[in-house]
Structures are given as C-alpha cells and as structure tokens.
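Observations on chain architecture
If you want the building blocks of each chain, they are given just below.
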Amino acid sequence: MQDRKIQIAIDGPGGAGKSTVSKAVAARLGIVYVDTGALYRTVGYYVRSQNTDPKDREAVASLLPNINIEVKYIDGAQKVFLNGEDLGDKIRTPEMSMYASAVSAIPAVRAFLLDTQKDIANKNSVIMDGRDIGTVILPNADLKIYLTASAECRARRRYDELVAKGQKVEFSDVLREMNERDENDSTREAAPAVAAKDAILFDNTGMGLEETVDYIVSLVERTI
Ligand code: DC
C-alpha cells in the first residue's frame with residue numbers, strides 16, 4: 001500500500017467527526033492525517049492578534065506577507081507553527097472557529113494556503129480533512145467522502161469535545177455558532193463547502209467512532 005501515494009479526501013460541516021475519524025483511519029492505514037482547518041485557524045489567530053477585522057478582505061490580505069506557516073509531523077501528530085511558534089490548543093477555541101471561518105471566505109487566504117496543502121499531499125500518502133479537499137485541493141483523490149450528521153448531533157459532539165478540554169460553554173451557543181459557521185462556509189463564493197460530485201455521502205448521525213472508522217476503512221479497501 002505504501003508504494004504509491006494514496007489520497008483520501010474527507011469534507012463536511014463542523015462537528016461531523018472529520019478530524020477524530022480521519023486520525024483513526026490514518027493510524028489504521030499507516031498514512032498521514034492532514035487537518036487543513038488548522039491552517040485557516042492559524043491565519044485567523046494571527047489576524048486576531050493584530051486586532052484586524054477578519055471580514056476586512058484588504059486588511060487581512062495585507063497581513064499575509066507577515067505570516068509564515070510550517071506544518072510538521074511529530075510522532076504522527078500534526079503541529080502547525082506560526083512564525084516559529086507552535087500554537088497548540090490556542091487555535092481550538094470557539095472564537096478561533098469564527099475567525100477561521102471568516103478569513104477562509106477570502107480568496108487571497110485560500111490562495112496563500114494552497115501550496116502548503118498540495119505539497120504535503122504530493123510528498124505523503126494522506127487522509128486530508130477540510131471543506132474543499134475533494135473539490136479544489138485533491139480533485140483526483142482516490143476516495144472522496146462527504147461526512148455529515150444532524151445539526152443537533154454535531155453540536156453535541158463539539159460541545160462534549162470543548163467541555164472535555166475544560167472550556168466553559170453552553171450547548172445552545174455551540175449549536176448557534178456551528179449553524180452560523182456552516183452557513184458562512186457553504187454559501188461563500190470562494191470554494192464553498194459542498195460535496196464533490198464524485199464524493200460518497202456518509203451521514204453518521206447516532207453512529208459511534210468505531211463504527212464510522214470501520215465503514216471508511218472498508219470503503220478504502222474496496223476502492224483503492
Ligand atoms: O475544520 P475546522 O473547524 O478546523 O475549520 C475551521 C474553518 O476553516 C471552517 O469554518 C472553514 C475553514 N476551512 C476551509 O474553508 N477549508 C478547509 N479546507 C478547512 C477549513
């Protein structure tokens with residue numbers, strides 16, 4: 001399986017379990033998991049640190065030359081460095097989710113992150129998760145999956161994740177912010193979050209991690 005590069009694209013809305021599932025599938029198949037949302041979160045983090053409005057296209061674009069993003073894999077885990085600093089969980093807050101969503105609608109930001117993503121996929125066998133992987137980043141992926149679940153179910157997962165990290169959040173806020181973000185991401189002009197025509201639609205509402213991972217691994221075995 002390692003002789004030729006494998007490309008698996010996982011797209012879908014927030015809270016569908018893309019990252020948890022992709023991480024587990026990568027571990028089972030011995031390939032690299034690439035979390036592309038972390039790149040948009042990192043740009044969002046920088047924009048926030050400069051007190052810039054993340055919806056102000058010109059202001060955000062003017063900051064891009066000051067941003068150096070490096071992606072490293074340390075013990076199989078992806079680390080994203082912003083100008084040499086590993087941001088860790090600082091990009092995982094609800095505020096950073098909204099910043100990431102806002103800056104991701106700006107074409108200059110998408111162009112800025114394009115080569116980094118393509119480069120990783122050219123050098124490694126990957127399972128890459130995001131919003132435009134099957135449509136823009138890896139249009140020739142061996143397997144494309146659009147993973148989704150009901151809004152309630154996705155918000156519940158996101159809520160549990162944040163609470164487990166010790167963050168104080170209300171379920172109703174998580175649900176509202178998630179719906180707002182999905183609306184932004186799927187209706188923007190630049191690379192909207194939609195399923196590629198040749199993607200397999202997979203609704204995992206009510207399914208556990210193990211079951212979802214088993215199903216995706218079986219799809220990989222059948223397809224590749
Ligand atoms: O997957 P995530 O929640 O970490 O992504 C954060 C935001 O980044 C998401 O709201 C939309 C944007 N994003 C994107 O536009 N394209 C991607 N490939 C990945 C994320």
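Look above for the structure.
First, a word on what this report is: a plain description of the structure on this page. (Residues numbered from 1 in each chain as written. Predicted model: local features only at pLDDT ≥ 70, side-chain atom pairs only at ≥ 80, totals over all residues. Heavy atoms only, no water.)

What follows covers the site of the ligand. Inspection of the region around the ligand gives 15 residues, with Arg41, Arg110, Arg181, Asp185 and Arg188 positioned closest. Within the side chain of Arg131, one N or O atom sits 2.9 Å away from an oxygen atom of the ligand. Across the complex, the protein chains shield 97% of the 450 Å² of accessible surface that the ligand would expose by itself. Partitioned by chemical class, the residues of the shell around the ligand number three nonpolar, five polar and seven charged. (Near = heavy atom within 4 Å. Polar contact = N/O pair within 3.5 Å; in protein donor to acceptor, adjacent residues only side chain to side chain. Areas by Shrake-Rupley, 256 points an atom, 1.4 Å probe, with all protein chains shown as cover. Nonpolar A, V, L, I, M, F, W, Y, C, P; charged D, E, K, R; others polar.)

Put simply, helix α2 (residues 37-49) and helix α4 (residues 94-104) touch, their axes get as near as 8 Å, and they point 100° apart. Classed by the angle they form, the pair α2 and α4 counts as roughly perpendicular. On the side of α2, the interface is formed by Tyr40, Arg41, Val43, Gly44, Tyr45, Val47 and Arg48, while α4 contributes Glu95, Met96, Ser97, Tyr99, Ala100, Val103 and Ser104. Within the contact of α2 with α4, the residues separate by chemical class into eight nonpolar, three polar and three charged. (Axes fitted to C-alpha atoms, helices over the stretch in contact; angles between N-to-C directions. Helix = DSSP H or I, 4+ residues; strand = E, 2+ residues; numbered from the N terminus. Parallel < 35°, antiparallel > 145°, perpendicular 65-115°, else oblique. Contact = heavy atoms within 4.5 Å.)

Our focus in this paragraph is the packing of aromatic side chains. Overall, the coordinates contain two aromatic pairs when judged by the stated rule. Both rings, one in Tyr159 and one in Phe171, keep their centres 5.9 Å apart while their planes meet at 85°; by these two values the pair is edge-to-face. Highlighted residues: Tyr159 in helix α7 (residues 151-164) and Phe171 in helix α8 (residues 171-187), separated in sequence by twelve residues. A relative accessible area of 18% means that Phe171 is categorised as buried. (Phe/Tyr/Trp six-rings, centres within 6.5 Å; stacked < 30°, edge-to-face > 60°. Buried < 20%, exposed > 50% of the residue type's maximum accessible area, 1.4 Å probe, protein only.)

What follows is about the packing of α4 against α8. In a pair of packed helices, the angle between the axes and the distance between the axes together describe the arrangement. Running from amino to carboxyl end, α4 crosses α8 at an angle of 15°, the nearest separation of the two axes being 9 Å. For the element pair α4 / α8, the angle class is roughly parallel. Of the two possible hands of crossing, α4 and α8 adopt the one that is left-handed. Judged by residue contacts, Pro94, Ser97, Met98, Ser101 and Ser104 of α4 engage Glu177, Glu180, Arg181, Asn184 and Asp185 from α8. Broken down by class, the residue content of the contact of α4 with α8 amounts to two nonpolar, four polar and four charged. (Left-handed = near helix turned anticlockwise from the far one by under 90°.)

A separate point is the pattern of salt bridges. One pass over the full model with this rule turns up 13 salt bridges. Measuring nitrogen to oxygen at the nearest pair gives 3.0 Å for the salt bridge that ties Lys123 to Asp119. Linking Lys123 with Asp119, this pair stays in helix α5 (residues 107-123), spanning four residues, or about one helical turn. The exposed category is assigned to Lys123, whose relative accessible area is 59%. (Salt bridge = Lys/Arg side-chain N within 4 Å of Asp/Glu carboxyl O.)

Any link to function would need more than the numbers given here.
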